[in-house]
Amino acid sequence: TTTLTSTSTGTDTTGTSSSSTTGTRTTSTDTTTTSTTTPIPGACVGPAAADGLEIPSACASALAPDGNCTVGCKAGYLGSEAVLYCYVADEVMEGETPTCTATTSTTTSFTSSSTSATLTTTSSSTVSWTSTST
């Protein structure tokens, strides 16, 4: 009788890793529109147009000697209001106009992902043969 025994043991390890990053940036911008209004006779001349300054039509109809109008900033601009006064017909209204600062909207977003995996396989086997000769 002959007995043959074979034993094998093995380990296989495989690793993978991957990552990705994406980004988005959104920026909004403002558009400036300029218009002019002709004052009526006996009225004062309104303030000079400036970026972001909202000049209501009431400024073109403010009559001397005690007319006035309130100016402010357009949507998308920051600044306070100011009252301008009309003391002399056909002259520029008196008072200090506000400084209007544009607001900008920026959105930044990022997505990051990482994946890793490790696979370990262990196998063991024993094989026996018995052979009988007669």
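Above this text you will find the structure in question.
These remarks concern the structure in this document. (Residues numbered from 1 in each chain as written. Predicted model: local features only at pLDDT ≥ 70, side-chain atom pairs only at ≥ 80, totals over all residues. Heavy atoms only, no water.)

1. Description of the overall build of the chain
Convention followed: Helix and strand labels come from DSSP, where a helix needs a run of H or I of at least four residues and a strand needs a run of E of at least two; each type is numbered from the N terminus. Partly exposed describes any residue whose relative accessible area lies between the buried limit of under 20% and the exposed limit of over 50%, with all areas from a 1.4 Å probe on protein chains only and scaled to the type maximum. Here the Shrake-Rupley method, with its probe set to 1.4 Å, supplies the accessible areas, and only the displayed protein chains count as covering residues.
Within the chain, the secondary structure is distributed over zero helices and seven strands. Tracing the chain from N to C terminus, the helices and strands come up as β-β-β-β-β-β-β. Here the chain holds 134 residues, and the buried ones make up 14% of them. For the chain, the computed accessible surface area is about 9900 Å², with 49% contributed by carbon and sulfur atoms.

2. Focus: the sheet that holds strand β2 (residues 53–54)
For the record, the criterion: Between any two strands, at least two bridges found by DSSP are needed for them to pair.
Read across the sheet, three strands follow the order β2-β3-β5 without closing on themselves; strand pairing throughout is antiparallel. A single partner strand is all that each edge strand has here, and the edge strands are β2 and β5 (82–86). For strand β3 (residues 67–73) and β5, the ladder comprises five bridges, and the chain directions are antiparallel. Within β5, the position partnered with C69 by the bridge is L84.

3. Side note on the state of the cysteines
Let me state the cut-off plainly: What counts as a disulfide here is a pair of cysteine sulfur atoms lying within 2.5 Å.
In total, this model carries three disulfides according to the counting rule given. The side chain of C44 participates in a disulfide bridge whose partner is C86; the two sulfur atoms lie 2.0 Å from each other. Negative torsions about the S-S bond denote left-handed disulfides, and the value of about 85 degrees found for C44 with C86 makes this one right-handed. With C44 in the loop between β1 (2–27) and β2 and C86 in strand β5, this residue pair connects regions lying 42 residues apart in the sequence. Overall, the relative accessible area of 1% leaves C44 in the buried class. Listing the disulfide partners of the chain by sequence rank of the bonded cysteines yields 1-5, 2-3, 4-6.

4. Quick word on the pairing of β3
With two bridges joining them, β2 and β3 adopt antiparallel strand pairing. What sits directly across from E54, in β3, is G72.

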